[in-house]
Amino acid sequence: MRMLLALPCIALCWTVLGPTHAAPVPPPLAVQSGRYADGRALEVVGDVAAARTVVVLVPGVNTTAADFDRGLGGVERRAPAWQARRLYAEIGSADVAVVAWLGYDPPEGLGLAAVREDRAAAGALALRRFLPTLPGTRIVLVGHSYGSTVIGIAAAKPGLDARVTDIVALGSPGMGVGRAADLRAAARVWAASAPNDWTRRLPGLRILGVGHGTHPADPEFGALALPVDGVDGHDGYFVAGTGTLHALAGIVDGRA
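Conventions adopted
- Residues numbered from 1 in each chain as written.
- Predicted model: local features only at pLDDT ≥ 70, side-chain atom pairs only at ≥ 80, totals over all residues.
- Heavy atoms only, no water.
- Helix = DSSP H or I, 4+ residues; strand = E, 2+ residues; numbered from the N terminus.
- Buried < 20%, exposed > 50% of the residue type's maximum accessible area, 1.4 Å probe, protein only.
- Contact = heavy atoms within 4.5 Å.
- Areas by Shrake-Rupley, 256 points an atom, 1.4 Å probe, with all protein chains shown as cover.
- Axes fitted to C-alpha atoms, helices over the stretch in contact; angles between N-to-C directions.
- Parallel < 35°, antiparallel > 145°, perpendicular 65-115°, else oblique.
- Left-handed = near helix turned anticlockwise from the far one by under 90°.
- Nonpolar A, V, L, I, M, F, W, Y, C, P; charged D, E, K, R; others polar.
- Expected span 1.5 Å × (residues − 1).
- 1 Å grid on protein atoms, 1.4 Å probe; cavity = no way out; pocket = protein on both sides within 12 Å on 5 of 7 lines; lining within 4 Å.
- Points joined across faces, edges and corners; volume = space filled by probe spheres on them.
- Phe/Tyr/Trp six-rings, centres within 6.5 Å; stacked < 30°, edge-to-face > 60°.
- Pairing = 2+ DSSP bridges.

Looking now at the overall build of the chain. The helix and strand inventory of the chain stands at six helices and eight strands. Along the chain, helices and strands appear, N-terminal first, in the series α-β-β-β-α-β-α-α-β-α-β-β-β-α. Scored against the burial criterion, the 256 residues of the chain give a buried share of 50%. Expressed as a percentage of contacts within the chain between residues at least 6 apart in sequence, the contacts between residues at least 24 apart total 73%. Counting every atom, the chain has about 11,400 Å² of accessible surface; 59% of that belongs to carbon and sulfur.

Next comes the structure, spelled out in structure tokens:
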């Protein structure tokens, strides 16, 4: 009888602490702007066919095709399509294209799915399949929030597209690894976290499948630090005039 009573607790612990499993991954999206019935979305800014450098923005928790253009809660700066356009405008080069990529199913809210990495693992598989479909000679990956976790898991195994030269984590809860050196990609790793970004209050831990590891902005992680002057909160990294947006443009156009 005691064993029977313990079964619900065992099941709960397994749900929370059990191993990460990636969900099945659909075929890669075509490299063109679109909003799709399965919840995926893509925004291409610039002439991607002619671009030598392609930037891929990976958004995080609560992003859906429905708010891909308007932003969560109608807040424009949260919209991946808007962020892609802002970065492209800041770069100002015809040799660059920016792609906002919602090719996975992010967690809804800050519940169990957000502290585990199942969704990120599925997103990482999808991202690794998408990157080889891109033209150009160079790729820069930029992950915001849980999107940086997706990128981290994608880069933690050998075989990431060799054209990836830079990986950027903005407002990151963790990249699924303890330090930048654990990423198996020959790329520079950058990080930015505004002083009032709520992800700074999350513990930088990864225990039994819960948590995402050391914050990339923590000096112990070993990432290159991006300036955050002018950035307000968790969603302000792409706002015009901020140090982070200017520095991102510098990474992309080769000034950094």
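On we go.
Where helix α4 (residues 118-130) contacts helix α5 (residues 146-155), the two axes come as close as 8 Å, and the packing angle between them is 60°. Comparing the axis directions of α4 and α5 gives the class oblique. The two elements α4 and α5 meet at a crossing, and its hand is right-handed. Between α4, through Asp118, Arg119, Ala120, Ala121, Gly123, Ala124, Leu127 and Arg128, and α5, the contact on the second element is made entirely by Tyr146, Thr149, Val150, Ile151, Ile153 and Ala154. Within the contact of α4 with α5, the residues separate by chemical class into nine nonpolar, two polar and three charged.

Turning our attention to helix α2 (residues 80-91). Look at α2: 17 Å from first C-alpha to last across 12 residues, which is about the 16 Å you get at 1.5 Å a residue. Within α2, the full set of buried residues consists of Pro80, Ala81, Trp82, Gln83, Ala84, Leu87 and Ile91. Tucked inside the fold, the buried residues of α2 contact β1 (34-35), β2 (41-45), β3 (53-58), β4 (96-102) and α6 (243-253). Note on α2: the residue one or two positions beyond its end, Gly92, has a positive phi of about 65°.

So, about empty space enclosed by the protein. Summary: where empty space remains is shown by rolling a probe the size of a single water molecule over the atoms. Overall, the coordinates contain two cavities of 30 Å³ or more when judged by the stated rule. Looking at the largest cavity, it is lined by 10 residues, and the ones nearest its centre are Pro28, Leu29, Arg40, Trp101 and Ala126. Of the residues contributing to the lining of the largest cavity, the split by class is eight nonpolar, one polar and one charged. Size it by volume and the second largest cavity reaches roughly 40 Å³. What lines the second largest cavity is simply Leu57, Val58, Pro59, Pro80, Gln83, Val142, His144 and Phe238. Residue assignment for the lining of the second largest cavity shows that the elements contributing at least two residues are β3, α2 and β5 (138-144).

A few words now on the environment of Val177. Structurally, the position occupied by Val177 is in the loop between β6 (164-170) and β7 (188-192). For the pair Val177 and Ile153, spaced 24 residues apart in sequence, the C-alpha separation works out to 7.8 Å. Setting aside chain neighbours within four positions, we find Val177 in contact with Ala156, Asp182, Leu183, His212, Gly213, Thr214 and Phe221.

On inspection of all chains with the given rule, the structure shows two aromatic pairs. Aromatic side chains Trp101 and Tyr104 sit 6.1 Å apart centroid to centroid with 15° between the ring planes, which places their arrangement in the stacked category. On the basis of relative accessible area, Trp101 is assigned to the buried category, the value being 2%. An aromatic cluster of three or more residues is present, and its members are Trp101, Tyr104 and Phe130.

Right, let's talk about the sheet that holds β4 for a bit. Read from one edge to the other, the open sheet built from eight strands follows the order β1-β2-β4-β3-β5-β6-β7-β8, with strand pairing classed as mixed. Among the strands making up the open sheet, the edge pair consists of β1 and β8 (224-225). In this structure, β3 lies alongside β4, joined through five bridges in parallel fashion. Within β4, the residue paired with Val55 across the bridge is Val98. Along the sheet face, α2 touches β1, β2, β3 and β4 and points at about 165° away from the line of β4. On the sheet, α4 packs against β2, β3 and β4 and is oriented at approximately 150° with respect to β4.

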